[in-house]
Structure formats: C-alpha cells, structure tokens
Amino acid sequence: MVGGTPFPRDQTLHGLVLATARRRPGAVAVELDGGGRLTYAELDERTRRLAARLRASGIGAGSVVGICLDRSLDLAVGLLGVLRAGAAYVPLDPAYPAQRLELMLEDSGAVLVLAHAETVAALPDAAPAVVRLDVSDDLPAPEPVGAAAEPRPEDLAYVIYTSGSTGRPKGVMVPHRALCNFMWTMREVPGFGEQDTLVSVTTPCFDIFGLELFLPLVAGGRVVLASRPTTGDGVALAALLDACGATVMQATPATWRLLVDSGWRGRRELRALCGGEALPAALAAELLARCGELWNMFGPTETTIWSTCLRLESAQPPIPIGLPIANTDLHVVDDDGTPLPAGAAGELYIGGEGLARGYFQRPELTAERFVELPGIGRRLYRTGDLVRQRPDGVLEYLGRLDHQVKIRGFRIELGEIEVALERLPAVAQAVVVAHPSPAGEAELVAYVVTANGAAPDGSGLRRALLEVLPDSMVPSAVVGLERMPLTPNGKVDRKALPAPSRERPDDGARVAARTPLERRLVEIWEATLDMRPIGVTDNFFDLGVSSLMAARLFTSIERELGNRLPLGALFQAPTVEALTRLLEDGDAPRWTSLVPIQPRGSRPPIYCVHGGAGTILLLEPLARALGEDQPFYGLQSRGLYGRTAPLTTVEEMAAHYLSEIRTVQPHGPYHLAGYCFGTIVAFEMAITLTREGEEVALLAMLTGPSPTWIRTWGWRGAQPSLRSRFEARRAANGVAPAPAPMSAGARAARALREPRRLVGAARRRVTRAAVRVALANDRPIPEEARERFFLGLHGRAERAYQEGVYPGEIVMLYGEGLYEDPELGWGPFASGGILSYPVPGDHLDNRPLMAEPHVLVVRDRLQEYLGQRTPDAAGRTSP
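What you see is a predicted model; the values in this text were computed from it and never measured. (Residues numbered from 1 in each chain as written. Predicted model: local features only at pLDDT ≥ 70, side-chain atom pairs only at ≥ 80, totals over all residues. Heavy atoms only, no water.)

Right, let's talk about the overall build of the protein for a bit. Helix and strand counts for the protein stand at 27 helices and 35 strands. When burial is assessed residue by residue, the protein has 56% of its 879 residues classed as buried. Looking at the protein alone, contacts between residues at least 24 apart form 66% of all its contacts between residues at least 6 apart. Carbon together with sulfur atoms contributes 52% to the accessible area of the protein, which is approximately 35000 Å² in total. (Helix = DSSP H or I, 4+ residues; strand = E, 2+ residues; numbered from the N terminus. Buried < 20%, exposed > 50% of the residue type's maximum accessible area, 1.4 Å probe, protein only. Contact = heavy atoms within 4.5 Å. Areas by Shrake-Rupley, 256 points an atom, 1.4 Å probe, with all protein chains shown as cover.)

In this structure, Pro190 follows Val189 across a cis peptide bond, with omega equal to 5°. Relative to the assigned elements, Pro190 resides in helix H6 (residues 176–191). Here the bond from Pro317 into Pro318 is cis, since omega is 0°, no more than 30 degrees from zero. Residue position: Pro318 is located in the loop between strand E14 (308–311) and strand E15 (323–324). Backbone geometry at Leu824 places phi at a positive 50°, although glycine is not the residue there. By secondary structure assignment, the location of Leu824 is in the loop between strand E32 (810–815) and strand E33 (834–839).

This brings us to the nonpolar core. Judged by nonpolar contacts, the single largest core of 73 residues is most densely connected at Val30, Leu43, Leu114, Met183, Phe214 and Leu217. Those residues in contact with Leu114, other than ones at most four positions away along the chain, are Leu50, Leu54, Val65, Gly66, Ile67, Cys68, Leu69, Gly78, Val82, Val131 and Leu133. Tyr607, Phe683, Met701 and Tyr814 belong to the second largest nonpolar core, which has 41 residues in total. (Core = buried A, V, L, I, M, F, W, Y, C linked by side-chain atoms within 4.5 Å.)

Moving on to the pairing of strand E30 (residues 670–675). The element E30 is largely enclosed, with a buried count of six among its six residues. Every second residue of E30 is oriented toward a common face, with Tyr670, Leu672 and Gly674 on one face and His671, Ala673 and Tyr675 on the other, all of them buried. Summarising the sheet, strand E28 (residues 606–609) and E30 pair through four bridges and their orientation is parallel. The residue of E30 that forms the bridge with Ile606 is His671. Two strands pair when backbone bridges link them, and E30 and strand E31 (residues 696–702) are joined in this way by six bridges, in the parallel orientation. (Pairing = 2+ DSSP bridges.)

The next point concerns the environment of Gln802. In this fold, Gln802 is placed in the loop between helix H26 (783–800) and E32. Residues Gln802 and Glu684 lie 118 residues apart in sequence; the distance between their C-alpha atoms is 9.8 Å.

Our focus in this paragraph is the packing of helix H10 (residues 253–261) against helix H11 (residues 281–290). Their axes nearest at 11 Å, the elements H10 and H11 cross at an angle of 60°. Here H10 is positioned oblique relative to H11, judged by the angle of their axes. At the point where H10 passes H11, the crossing takes the left-handed sense. Residues Pro253, Trp256, Arg257 and Val260 of H10 touch H11, and the partners they reach there are Ala282, Leu283, Glu286, Leu287 and Arg290. (Axes fitted to C-alpha atoms, helices over the stretch in contact; angles between N-to-C directions. Parallel < 35°, antiparallel > 145°, perpendicular 65-115°, else oblique. Left-handed = near helix turned anticlockwise from the far one by under 90°.)

This next bit is on the sheet that holds E30. Strand pairs in the sheet, formed through backbone hydrogen bonds, run parallel or antiparallel to each other. Read from one edge of the open sheet, seven strands run E27-E29-E28-E30-E31-E32-E33, paired in mixed fashion. In this open sheet, the two strands that pair with only one neighbour each are strand E27 (594–598) and E33. Taking each pair of neighbouring strands and ignoring which way they run, the sheet shows an average axis angle of 20°. This element, helix H21 (residues 678–691), spans E28, strand E29 (632–635), E30, E31 and E32 of the sheet and lies at about 155° to E30. Relative to E33, helix H27 (residues 854–865) is tilted by about 155°, and along the sheet it contacts E31, E32 and E33.

Here we take up the side chain of Thr301. Along the chain, Thr301 turns up in the loop between strand E13 (291–298) and E14. Beyond its immediate chain neighbours, meaning those up to four positions away, Thr301 contacts Ile160, Thr162, Val172, Val174, Asp207 and Arg411.

This next bit is on the pattern of salt bridges. Enumeration over the complete set of coordinates arrives at 33 salt bridges. For Glu293, the salt bridge is made with Arg271, and the minimal N-O distance between the two is 3.2 Å. On the criterion of sequence distance, the pair formed by Glu293 in strand E13 and Arg271 in strand E12 (residues 267–274) is long-range, its members being 22 residues apart. For Glu293, a relative accessible area of 21% translates into the label partly exposed. Judged by relative accessible area, Arg271 falls into the buried class, the value being 16%. For Arg603, the salt bridge identified is with Asp629, shortest N-O distance 3.8 Å. On the criterion of sequence distance, the pair formed by Arg603 in the loop between E27 and E28 and Asp629 in the loop between helix H19 (620–626) and E29 is long-range, its members being 26 residues apart. Taking the relative accessible area as the measure of exposure, Arg603 reaches 28% and is therefore partly exposed. (Salt bridge = Lys/Arg side-chain N within 4 Å of Asp/Glu carboxyl O.)

Contact geometry for helix H1 (residues 13–23) and H6: axes closest at 8 Å, N-to-C directions at 45°. Relative to H6, H1 is oriented oblique. Residues Leu13, His14 and Leu16 of H1 pack against His176, Leu179, Cys180, Met183 and Trp184 of H6.

Let us look at H6. By the largest-angle criterion, Thr185 marks the main kink of H6, which is about 35°. Of the residues making up H6, those classed as buried are His176, Ala178, Leu179, Cys180, Asn181, Phe182, Met183, Thr185, Met186, Pro190 and Gly191. (Bend = angle between axes of the 7 residues up to and from the residue.)

Checked against the element boundaries, Asp392 lands in the loop between strand E20 (379–389) and strand E21 (395–400). On a C-alpha basis, the gap between Asp392 and Leu323 in space is 9.2 Å, while along the polypeptide they are 69 residues apart. In terms of polar contacts, Asp392 uses its side chain to reach the backbone amide nitrogen of Val394, at 3.1 Å. (Polar contact = N/O pair within 3.5 Å; in protein donor to acceptor, adjacent residues only side chain to side chain.)

Across the sheet, which stays open at both edges, the three strands sit in the order E24-E25-E26 with mixed pairing between neighbours. The open sheet has two edge strands with one neighbour each: strand E24 (427–436) and strand E26 (477–480). When the angles between neighbouring strand axes are averaged without regard to direction, this sheet yields 25°. Sheet analysis places strand E25 (residues 442–450) next to E26, joined by four bridges and oriented parallel. Counterpart to Ala446 in the pairing with E26 is Val478. Contacts between helix H13 (residues 414–422) and the sheet are confined to E24 and E25, with E24 contributing the most and set at about 145° to the helix.

Take a look at the structure:
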C-alpha cells in the first residue's frame, strides 16, 4: 500500500543539509572520534568551495565523481561537494583490489576522483584525474550564493556497486528524490532530532552509510565518525559511545555482536538500529537488555537503504523485519506474480518513492529486476527474498530464493566468487556457499574440484582471489572434492555439499590436558573456536582461525577465569600448555618487551620493533610468512599491558630493547627491523650497536619516514631535493604550490585558535590522566586509553629525536605510490646508502602492508636481501 506522507519532493539531498546549515550554523555537524570537528557553517563553506572547484573542472549534471577516502571530515565534505556541484558520486573503498576499483571507475564513467595522500596509492593506474582534499590550497574561494544552477530532484545522487552473479559488479542508480523521502521518513521513525548524536561505524561503500552521514545533517543533529580501528575494537567502540554521548547507532549484527562480546554493558540512552542481515534472536535479547530501543531494519540497495523497520519489544523468534516506511509499498506474490494472502510465503516486491532508477548501463539486468506486475500498474523491484506477511501487516523474512547471501552486512552474489575461482588455472569447477562460522555468523566456504585432481592449495587460492575481490568476498575455507554432488537433473546439489569439518583428526601425537587449569582452558578454546580436539601443545596460529577469534578467545578467558590478558600474550603463550604456565606464574613474566613470535629455526633471528600503537600483534603474518626456519622476535612497548611506566624517548626505548635482545643474543651480527614508528627506534639501536663495535647485518625499515622528513613536510611532502619534481607534478594536475613549512610556534598558535584542536588536546589530557591513575594504583592501562596514549607518546618521541649517521646500508620497504622520496628521508643519515623496494599496500588499515597478500612481497624482498632467495630471469624469486 502506497502512503501519501508528505516530504520535500522538490528538494535535493544537499539542499536539505544546506537548509539545516542556515538554521543551525554554529552547531557541530560532523566530528571525528580522534579529534576534529566541523560546524554546519564550516561544512557549508567547505562544500561550497569544493563544488566551485568541481564546476571549474567541468563537473556538473550527468557527471560521476569517484570518492576514494577513508573516514574523515573530508569524506563528508567530498560527498556533499559532489552533490552540490550537480554530479553523482560513486564510493570507492581503498581496501578493494586495484582491478575491482578499475572496473568500477570504468563502468561508472567517473571523470574525477577525490582522494587523500593515503588513498591515492590504492587507485589503479588507469584512474581519471585526482583531486586531493587534504591539500587545502586545491580549493578556490566560495562562489556567490546562487551562482550555479541547482540539480533536480530526479537527478542521480550516487551510483553504488553491489556484487553481481555474472562475475561483474553492478551499479545501482539512486536519485535525490528517493533519498529525500528516506531521510525525511527516518526523522520520524525510528526518529532523529537536533539533540541526537549518531556514531557512524559503516564503510562508505555500504549504502546504509547514507543514513549515518546524511540523516543527522538533515535533522540538525551530530554525526561522530568512528575511526577504522575503533570500528573493529569492541572495547574502543563502547568507550566512544559513552564519550560522545551517543543516542543512535546503526550497525550490522556482526558489529553489534563484537560490541556485546567485548563486555559492553549497554547504554540506556541509545537507540540501536540493526540491519544488513538477519538479526539472531539471541543477539536481539542481548541488545534489548542493554539499549533503550532496538529497531530491526530491512531493505535492498535498489530501494534506497531501508524499506521496512520495526521497534522490537521482545526477542521471541522469528524476528520480524517490520512495516513499510513512508511512501513505500510491499507485495508478496507467488511464482506467477499473483498476490498472496497473509500467512502465505512468497517473493517480496517493493515499490514507491525509494525505487532506484535501475542498474548503471545494464538495461537488460534492469528490465529483469525492475518489473510491473499485473493489476498494479507501476514499477516494482523484485527482491528475490522469501517472506510472509502477518495479519497485522508485519513482514517475516524466510530466506533467499537465489544464491545471494549477506556476510557482515555486505550483499554477495556467490556466482561472482565462483566465476573468479574458475578463472584460475588450478580450478576446474567451484561452488561457494555460506555456512555458520564458529562465532555463529555466516562465513563463505568454497568447494573446489582441481584441474589436476590434487588437493587444492587453500591459501594460494585465497591469495589469488584477494587480487580481484574485496576481502569480504574471499572464502574463509576451501574444501577439495573429487567431483561435485549432482541432483537428478544434473545440477550441483548444494544441499549435499559436506559442511566444513570442525573436527580435527587425532594422529595420536596430541597431548591431552593434565591439570584442572589445562582442562578448563582446553574447554574454553574448543568452545570459542568451535574446534576439537585441541591438545595442550597445539599452537593457536596453526589452527587457521582469524584475529577476531583471538579477541573472542581472550574475552572468554577473562569471563570464565577472571584473568584479563592482552592479545600480545598469544605470542608468549600460543598453546594451552604455555598459557597455563603464564597464568600460574603471575604477572612478572608476561610483560617483557621482547616477545618470541616465532623462536624456532637455524637462521639468525630478526628483531622487529613495534609501530606507533606499541603492539606487535600485526607482526605475526610476517613471522609466519618468513617460515619455520627464521626466528622472529617482536619488541612491544614497555608498559603496554603491564604495570611498568612506559618509556618516553627513542634513546630510552633503544637502550631497553637492546638490553632485552642481549638476553637472547649477547653479540652480533644482529638483524634489526622496524615498522612505521619502530623504524626510528631500530635506527637508533643500529647506531648504538655499531658504536659499541657490534656488527649489524640487517637494518630493515618497513614504511617509516625519518623524523626530519616528517617535521619538514609531514605525510604529504617530499625531500627538498625532489621539491621541484613534486611541484611540477602538482602544477600539471592544476594544483597550487604547497605552502611553506610552518614553524613549531606558528603551529602552536594556530592550534590555540582552532576549537576542534582544543577538543583534541582535552581528550589527550584525559587519556594521560587515566594512564597516571592506572600506574599510581598498580593497574594496567585501561583498554580504551591504551592505543591513543601510546600513539601520542610515540609521536612526541618521534618529533624530539635527532638522527645521527648510521655507517651501514638501510633496506627500505615502503608503500608503493605513497611517497615522492623512495628513501623516505633517510638518505642523509645512512653513509652506506639506501636500498629501496616499493611494496604494495601501506601502513594503514585499508591496504595493510603486514597482511596477505602484501606481506608476502615484504618476505620475498627480505629473503632476497639476505641471500635466501635468488631472482630468476623474469625477476621472480624462489627460496
């Protein structure tokens, strides 16, 4: 049934936001959880500047602009600036493989991409012109009000890509009018007002991000953009909800489960919106006990974000998906398109104001999915969802009619993964299905018949898929089959595919638990990892489970035994046997800076210093990639998890880490490495060792610029020797010259003039106070303050450090395309020279250098330098 609820039909999405800016110019519009904010007046001015810049570049009605930005204030400015210029945007996730980004850019016809220095490297070589939003001089002064024609409500607002069953993603075209109806409706139900604050946790490439950013801006409230690390850390996310006074958060069941599993006690002021995939009854019960309101949301991208919603009063299954939002009509029909009565199961068709135009440049697919039913007389979207309608009109979701699934809220066509697998030479046939994971969520499992009949190389197939598909579409498990099971009519019988086994074959060598504590830990491991049997000498990192499962394992140990352990303890105690000793021995042996991540092997050990956050958990993939014959030790910050005061200078850290290394290796030759901030500490360690007459056989720097380079140019500059080339490239791209570096005094004066910087300074003071209280009371540093504290501490140490001259050679592995200077500013400080290797990926979360597949290139370059690999005629290397 179509409602006649009034909404601003003749407005555009950005027009609604600008109306709010005129009404509430001084109110905070957008804020970052790490500091920084924009008022509505500031947002208005910056979007006006960007729109003028885009129009000057020929951008207007009919244009499509790519947005390749991480969560930042510039993301909000970029999206609204594109709309204000009259164009549509297409969101591009920097974590996507370059091949997929290239396909999206080519398919959408994007004429320009908005990016940052950190995200430019993710773009393919064939990308169109790029405008850097982190370069302030790239934008002209605001144009006079009304100087440009406004876009029309029927114009496109965005083109957003979803998975395609044919192996090619498809772009959904959503107009302004559909978004205006949606935002206007959401203001009333579930409700959002000027007093509300929404914490945004969703990637911009997921259409529900539109609610998180635009609903607060239309309603006059505030949106707080959670950083990418915060969205993956339940403890940090819980702290953010309380710190910012959140009243609304929207998330998928996976994110809500992460929050609940972290020990979050809830927030009675919070209105929780849950959607993107089916809401489990058990999770609904947890959220009802913790939140003021719980709303279940449902809707495909093709009908503009959400089409139904319902406030849940109980968690009694089945959990309903709700009633239609305003100006939306729902139809439950049989195979012939005949409407079905209440209680009968059928396919859901959706119509109304939220209907998308169709699929970009895919008329045949549009005609297939956007149809007219007899007797209705208007376009409807055929969802492929099996539902039934209760007598009160509320819908219940029963499943899919095709091979589409939802994984962590992302809509995935299994056929697209199957096509990608069957393009690989080793695969003769592939089928992909979704199975429940150990955590109770859906995970992808690939069933493969290989071309040569051998067992499939699961890790190799996953690495190959990571080159062409987003991480969310790469199967968690690969199962080899001699042949696919078939139905009587010759089709693959998906129901007959064996579930991936959680049972491990007992080879007789597994060591059973011997003490009560070992038995209790084995029970916790088996229950949390859903894997059995587990012996007391089985290594966690050999079990093939994710880092998310590591967090859940330690949360379970704390809940069941009352012992709170850091994730870093996995390196010291990766087995039940070692973990038992650690728990029985007390705190003293847990908190050494030197951690044997992989202590076995005959080769000289490599010692790698932590990054800015102080933790070494992310170094495990490199240790694993280097192999069992390469000992690998990580150096974590003193005081990171224990009760010892942290070190505050690079020199203190270098001396402390060397003292711990010498307990393992009294004399050289030493093999040192550093990651990000750790490169500076490793550099000081190498200078100290050579000054003492010790040999340093390796000094490897993993994507870490020198302090002088950072102080002079920051993260977007270049060495003075490359300044002219840098400026020439900027000029060729129509970018104004970069401003001269600011003195420390000028930067401090500017900081005092900017309120958002004062807010950041206040938060830093609160963090430092929490650390002081913890140390004074002999307690560990609080989880929610730890990362922010160490990032600040190491940043101050970095700025204060003055490089000496290292007499040897430095091996530099840096994020390809990130820096103008391949030596990252270390050239003047290494008399033995710099050997630079560009490596795909970076030190941020969007394309992590220290995760597969990029870490495998890091491994190859290190082994090549150490003489453990030999390049062939084609430049490839082999052990």
